Structure formats: C-alpha cells, structure tokens
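# Examination of the molecular architecture
Here is what each chain is made of, one letter per residue.
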Amino acid sequence: MNPESVLEKTAKGVEEIETRKHKLDAKLRPMLIAINGKLKASELAGQFAALGDANALLDDLLKQGFVRAAAGTAAPAAGGAAADPAKLKKAIAEAARFISEARGPGGDSINMEIEAAKSLDELNALLDSRRDLLDSALGKIKAAQFWQKIGPLLG
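A quick note: this is a predicted structure, and the numbers were derived from the prediction, not measured. (Residues numbered from 1 in each chain as written. Predicted model: local features only at pLDDT ≥ 70, side-chain atom pairs only at ≥ 80, totals over all residues. Heavy atoms only, no water.)

The next point concerns the confidence of the model for the protein chain. When pLDDT is averaged along the protein chain, the result is 83, and 90% of the positions lie at 70 or above. Confidence scores differ between elements of the protein chain, with helix H7 (residues 120-129) showing the lowest mean pLDDT of 83 and helix H2 (residues 29-34) the highest of 92. Under a pLDDT of 50 for its full length, residues 75-82 has, in the predicted model, six contacts with residues more than four places off or in other chains. (pLDDT = per-residue confidence, 0-100. Helix = DSSP H or I, 4+ residues; strand = E, 2+ residues; numbered from the N terminus. Contact = heavy atoms within 4.5 Å.)

Remark: the empty space left among the atoms is shown by a probe the size of a water molecule rolled over them. A volume near 270 Å³ is recorded for the second largest pocket. Thr10, Ala11, Arg68, Glu113 and Leu126 are the residues nearest the centre of the second largest pocket, which is lined by 14 residues in total. Going through the elements one at a time, helix H1 (11-19), strand E2 (67-69) and H7 are the ones with two or more residues in the lining of the second largest pocket. The element contributing the most residues to the lining of the second largest pocket is H7, with four residues. Of the residues in the lining of the second largest pocket, the class split is six nonpolar, three polar and five charged. (1 Å grid on protein atoms, 1.4 Å probe; cavity = no way out; pocket = protein on both sides within 12 Å on 5 of 7 lines; lining within 4 Å. Points joined across faces, edges and corners; volume = space filled by probe spheres on them. Nonpolar A, V, L, I, M, F, W, Y, C, P; charged D, E, K, R; others polar.)

Further remarks concern the packing of helix H5 (residues 85-103) against helix H8 (residues 131-138). In contact at an axis separation of 10 Å, H5 and H8 are set at 40 degrees when each is read in the N-to-C sense. Relative to H8, the element H5 lies oblique. Taken together, the residues of H8 that come into contact with H5 (itself represented by Phe98, Ile99, Ala102 and Arg103) are Leu134, Ala137 and Leu138. Within the contact of H5 with H8, the residues separate by chemical class into six nonpolar, no polar and one charged. (Axes fitted to C-alpha atoms, helices over the stretch in contact; angles between N-to-C directions. Parallel < 35°, antiparallel > 145°, perpendicular 65-115°, else oblique.)

Written out as structure tokens, the structure reads:
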C-alpha cells in the first residue's frame, strides 16, 4: 500500500463498525475505526505502530475489503507500476461478463460492486472479500474457471 494514500472505509467497513457482522480481528478493529477518509496510510501506521507491523494490518483491511484508497489518492507505491486504466477496465469487463454469463440477473449486485472499483487493488480486495460467495454462486467448475481467468488480470 502506498504510504501517501488516504484511506476510507468501504460499505463493508462501515457495516462492520455498526454491526460487527464480519467479526473483524480485535487488532484490526481499532484501525478500522480510526480510518476517516482524511489520514494517510503512513499516519495510521504511525498511530498503530504498537500493534506490530501496522502496514501489514492496513494491507489486511484493504485485502478484506473493509477500506480503500480515497479517490485521487491512490498513487503507486515507490517502485510500483503506475495504475493502468486499460488493465483495470479489462479486468472489470472480464469479471462482470463472466458473472453475467454464469448467473444472469442473479449476478447483478456483485457486478455493480465490481464496476464501481476504482483500482486493481480495490477490485482485487472486493473479489477476495466475496470469494466464498462467488465460489458458491458459480459452482466448483465455473468458479475455478473464473479465478483462472481473472487472476492474471488482477496482477
């Protein structure tokens, strides 16, 4: 995660704070609460250094889909590749197409979330957070085909 990225809670993150539905690890909950759409990842990491590797914990929140980089703040990390809008667009199109073909209208709600992704990291976190749902909805064979097809597009 880029230390300069300003982090904000996703709908899943807000839901977790309000209901504890996802049973977030006790180490991660205070970090999630502190994320307010104003603090940079580096500032949050400094505040929570006593918890251990705060950057890894922030990455965990991102991967689980509880937080995302606020719009316009997701500059690439040092040494990282610049975000490629064409690659994001292709990944979104492929994921949405596959789900639509497999689920029809039953895939509309997840496709709306997929199409709202603003970065490959956000898309990856979303799909990872919905992995069990997708595996169940698509079935064993289709799910394996989906992850095989979408995996290379997310990297």
